[in-house]
Amino acid sequence: MTALGSVLDPPRPVVRRVNGRVPPPEPPTGGGDDDDRERPPRRGLDNARLATMFLIAGEVMFFAGLISAYFVLRMGAAQWPPPLQPRLPVLVTGLNTLVLLGSSFAMLRTQRDRSRARVVRGLTVTAALGLVFLAVQGYEWVRLVSYGLTIASGAYGASFYTLIGVHALHVIGALVWLAIVRAGVSRGRFLEPAAAGLRACAMYWHFVVALWPVLYVTVYLL
């Protein structure tokens, strides 16, 4: 009977008791390691803005070298500006500085707009203020040359036209870039979601504008 009972009623598995809570079982993996969930898009700088940042970094070092050379020439001169040299137009250039700063504010408003017509209008205002800045500056240069301040007049004239002239070339380059972006926006390009070109152009324009007060204080006021 004992042998027959053991066959009909097999022994039950022994359950071991542990102290504390039993850890929950591991969730099923689904038979694979692939994650079918959509990953959120990565946020970061696009290639256009990253390249513009490298360009601006190089321009900062370039102008830092020019300003350093300007101070070396100025500290080595017995008198600055030299005698019989015309004085720079501080007031007119100060007002012209406000014009260029206004173009930066116009660009900021343009970056916040999403309408194609408003973006085109904002870029037009920005470019117009930049052209006014160059026109006033060119008029002042013509007057200074007529008063005898030229590149050949000494270190004073050479350093002035080098610093201010190089910045003017950068403004011209920024205006060309601005005109290209404006033409693209008018055709429906450089807007969301592909607005990297507009953002990169705005970054460079803000850099050119922010550089001018530094040069104005260094060359005109100090």
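Relevant structure appears above.
Structure report, in brief. None of the values given here were measured: they were computed from a predicted structure.

Calculation criteria
Residues numbered from 1 in each chain as written. Predicted model: local features only at pLDDT ≥ 70, side-chain atom pairs only at ≥ 80, totals over all residues. Heavy atoms only, no water. Helix = DSSP H or I, 4+ residues; strand = E, 2+ residues; numbered from the N terminus. Buried < 20%, exposed > 50% of the residue type's maximum accessible area, 1.4 Å probe, protein only. Contact = heavy atoms within 4.5 Å. Areas by Shrake-Rupley, 256 points an atom, 1.4 Å probe, with all protein chains shown as cover. Axes fitted to C-alpha atoms, helices over the stretch in contact; angles between N-to-C directions. Parallel < 35°, antiparallel > 145°, perpendicular 65-115°, else oblique. Left-handed = near helix turned anticlockwise from the far one by under 90°. Nonpolar A, V, L, I, M, F, W, Y, C, P; charged D, E, K, R; others polar.

Some words on the overall build of the protein chain
Regarding its fold elements, the protein chain presents 6 helices and 0 strands. Mapped from its N terminus to its C terminus, the protein chain presents α and β elements in the order α-α-α-α-α-α. Taken over 222 residues, the protein chain has a buried fraction of 34%. Residue pairs at least 24 apart in sequence account for 79% of intrachain contacts in the protein chain once pairs closer than 6 positions are excluded. When the accessible surface of the protein chain is totalled, it reaches about 15,000 Å², and 64% of it is carbon and sulfur.

Re the packing of helix 5 (residues 155-186) against helix 6 (residues 196-221)
Running from N to C, helix 5 and helix 6 point in directions that differ by 160°, and their axes come no closer than 10 Å. Between helix 5 and helix 6, the crossing angle belongs to the class labelled roughly antiparallel. For the pair helix 5 and helix 6, the crossing hand works out as left-handed. On helix 6, the residues touching Phe160, Leu163, Ile164, His167, His170, Val171, Ala174, Leu175, Trp177, Leu178 and Val181 of helix 5 are Gly197, Leu198, Ala200, Cys201, Tyr204, Trp205, Val208, Leu211, Trp212, Leu215, Val219 and Tyr220. For the contact of helix 5 with helix 6, a count of residues per class yields 20 nonpolar, 3 polar and no charged.

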